[in-house]
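Tertiary structure, described
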Amino acid sequence: MMNYEIKDVPMQSEIRTEEVEPLNPATDSTRVYKFKIHNTGFLDSTSMIKFNLVKSATADAAHRLRLNTWNGAMGSIKSATMSVGDFIICETQDVDKIGTLRHLNKPLDQRNDFFGHYLGNNLRVFVDSTTGLDGNLNGADRAVGQLRISSATSGINYGQQTDGAGAALNNRSITTDVTKTDEVGIPLYFLFPAIEGRQVPLFLFQDYPIILEVEFNEPSKYVNNIQRHPSYEALDSDVVVRNCKLVVDYVLPPASVLSKYVASTQKDGGYRFEYPKFSVVKKALPATGGNRIQQEVEHRLGQENKEIHAVYQLKQFNAPKSQNMADKVLLSQRVDGADTEEYNVEVNGQDIYRDDIFNVASQYNELEQCLGEPLLVPRAMYFNDCNTQLSHLTTLSSGLNSTYKPLGCDLSNGTGAINGGGTIVQQGSPLVWKYKRQSTEAVANVCVDNTSAMTVDYHIMHSGLAVVKKLDVGTSVQVRQ
């Protein structure tokens, strides 16, 4: 017997892509752009913000400008906010640093060749197997084992260490002609944790305007000007943002799928949209006051009644810019570490670790737990302990050794859930980061000064929740911290 019954073939989702112009008028001094997107379908994480960087009319005509080779256009974003009506879904500060750490942590070929196409970063390094012959070219600390930049294959040839002679741009120059300047694009999931690995059901927020707001950094934080030795920082007036737009991918599933989501808003408790979000707590470390003097601080981070998944500590010395290669390459994107440092984290009155995390390899492993993958930077960029310093493997100012050392503490419980997958900080027992450092003063050919004051930013990942309920007329949205 044959069954001739006709079976319906499930419809496939469609994707509609459109460009969205900013709501606010844009001028050469505009740093904040607001966009309103439609309450249609799902917002896909492949959406991106795109723009051109153009050399301003006031910039020196002889100066050569380029996005930094470390994180490119990612360094241009200061903050990103997603709001639904009067409710803020997520507001991420210092996106340039935390976004680079979490999303550009890729193998070298993927970081440079794939993301470099969109972001304009292009940093290629090698370990020097010989002692540099020329102090002007390689710097005073021209030792074997230094991590150097490839002048031929990186986006910038940084020239001589001492005076910048021979510096040149190898590609992607920023010019005064917008038609001759490469367009750059940043995926929205780099900026908004709420759409990392998930799609936002825009159609459920039908009674509320959905606004995405992006604030740009000053150009000096992410653009190189190779005529401005020794820092190679562009002036804030050298570069302007043009043609800033959103490229939004709306995913339009079959009506049956939309109906299931709408039905969930009518149930008790409504529809729960769970997502990660970040908050930033800014602290400072004073100068240590001398060589090998131990400094011990406890930074109270608050976060009471919140569910915490991870804490990242990103530090930076307050010392003036110098001819050190790290200042030229990473600009304000560098993350410094002391040569001898240790930490512990107190949650609900108890230390997370039995002993302070003092070994550099252990600190690296803890950061790996936070990221869910190894930190994919050359080893010497992270390790800055005393042994590797004395082996001439780190903190030599002519290269990139010991210039990127974030610390982390993983507070997730291993389930992978957003709500219920972290550690709840109880009322009256704030999160406390206990930190010690014992820094050295400068020693020729061994280490630079590690005793100066530092700015410290704590990026705290915690759970976010938006509840959508169907009312007799319209819908209700509640955002819970």
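Just so we're clear, the structure is a prediction, and the values are computed from it rather than from any experiment. (Residues numbered from 1 in each chain as written. Predicted model: local features only at pLDDT ≥ 70, side-chain atom pairs only at ≥ 80, totals over all residues. Heavy atoms only, no water.)

Turning our eyes to something else, we now look at the overall build of the chain. The secondary structure content of the chain amounts to 9 helices and 26 strands. Restricting to contacts in the chain with at least 6 residues of sequence separation, those with at least 24 account for 75%. (Helix = DSSP H or I, 4+ residues; strand = E, 2+ residues; numbered from the N terminus. Contact = heavy atoms within 4.5 Å.)

For any pair of aromatic rings, the description rests on two quantities: the centre-to-centre distance and the angle between the ring planes. Tallied over the full model, the rule gives 18 aromatic pairs. Residues Phe115 and Phe190 carry aromatic rings whose centres are separated by 5.5 Å and whose planes lie at 45 degrees to one another, so their mutual orientation is tilted. Within this pair, whereas Phe115 is found in helix H2 (residues 108–119), its partner Phe190 is found in helix H4 (residues 188–191), the two being separated by 75 residues in sequence. Using a relative accessible area of 3% as the deciding quantity, one classes Phe190 as buried. Among the aromatic residues, those joined into a ring-pair cluster are Phe114, Phe115, Tyr118, Tyr189 and Phe190. A cation over an aromatic ring shows up here: Arg111 above the ring of Trp70, its NZ or CZ 4.3 Å from the ring centre. (Phe/Tyr/Trp six-rings, centres within 6.5 Å; stacked < 30°, edge-to-face > 60°. Buried < 20%, exposed > 50% of the residue type's maximum accessible area, 1.4 Å probe, protein only. Lys NZ or Arg CZ within 6 Å of the ring centre and 35° of its normal.)

Most often, soluble globular proteins have nonpolar side chains that are buried together. Judged by nonpolar contacts, the single largest core of 59 residues is most densely connected at Ile49, Phe51, Ile186, Leu191 and Phe192. A total of 7 residues in this core trace back to one element, the largest contributor, which is strand E16 (residues 239–252). Beyond its immediate stretch of four places on either side in the chain, Phe192 contacts Ala80, Thr81, Met82, Cys90, Leu212, Glu213 and Val214. In this structure, Leu301, Ile308, Leu411 and Leu431 belong to the second largest nonpolar core, which totals 58 residues. (Core = buried A, V, L, I, M, F, W, Y, C linked by side-chain atoms within 4.5 Å.)

Here we take up unusual backbone geometry. That bond from His229 to Pro230 is cis: its omega, 10 degrees, falls within 30 degrees of zero. Considering the arrangement of structural elements, one finds Pro230 in the loop between strand E15 (223–225) and E16. Even without a glycine there, the phi angle at Asp94 is positive, about 50 degrees. Note on placement: Asp94 falls in the loop between strand E7 (87–93) and helix H1 (95–103). Judged by its relative accessible area of 14%, Asp94 is buried. For Asn348, which is not glycine, the phi dihedral falls at a positive 55 degrees. Along the polypeptide, Asn348 turns up in the loop between strand E20 (341–347) and strand E21 (350–351).

Now for H2. Over its 12 residues, H2 extends only 14 Å from the first C-alpha to the last, a length that falls short of the 16 Å expected when each residue adds 1.5 Å. Buried positions along H2 lie against strand E5 (65–67), H1, strand E12 (183–187) and H4. Where H2 ends, the next residue or the one after it, Gly120, has phi of about 85 degrees, a positive value. (Expected span 1.5 Å × (residues − 1).)

Its location among the elements puts Thr288 in the loop between strand E17 (271–285) and strand E18 (294–302). Overall, Thr288 belongs to the buried group, its relative accessible area being 10%. Considered as a pair, Thr288 and Gln438 are 150 residues apart in the sequence and their alpha carbons are 7.9 Å apart. Beyond its immediate stretch of four places on either side in the chain, Thr288 contacts Ile293, Gln295, Arg437, Ser439 and Thr451. A polar atom in the side chain of Thr288 sits 3.3 Å from the backbone oxygen of Gly290. (Polar contact = N/O pair within 3.5 Å; in protein donor to acceptor, adjacent residues only side chain to side chain.)

Relative to the helices and strands, His38 resides in the loop between strand E2 (32–37) and strand E3 (42–43). Judged by relative accessible area, His38 falls into the partly exposed class, the value being 39%. For His38 and Pro209, which are 171 residues apart along the polypeptide, the C-alpha to C-alpha distance reads 8.0 Å. If near-sequence neighbours (up to four positions away) are discounted, His38 is found in contact with Arg16, Glu18, Leu202 and Tyr250. A polar atom in the side chain of His38 sits 3.0 Å from the side chain of Glu18.

What follows covers the side chain of His299. By the element assignment, His299 lies in strand E18. Residue classification places His299 among the buried positions, given a relative accessible area of 7%. Polar side-chain contacts of His299 include one of 3.4 Å to the backbone oxygen of Ala284.

The next subject is the sheet that holds strand E6 (residues 77–84). Strand order in the open sheet made by the 4 strands is E2-E14-E6-E7, with antiparallel pairing throughout. Taken across any chain shown, the strands that pair with only one partner, and hence form the sheet edges, are E2 and E7. Sheet twist, expressed as the mean angle between neighbouring strand axes with direction ignored, is 15 degrees. Relative to strand E14 (residues 210–216), E2 runs antiparallel, the two sharing 6 bridges. Residue pairing for E14: Phe35 is matched across the bridge by Leu212. Relative to E6, H1 is tilted by about 90 degrees, and along the sheet it contacts E6 and E7. (Pairing = 2+ DSSP bridges. Axes fitted to C-alpha atoms, helices over the stretch in contact; angles between N-to-C directions.)

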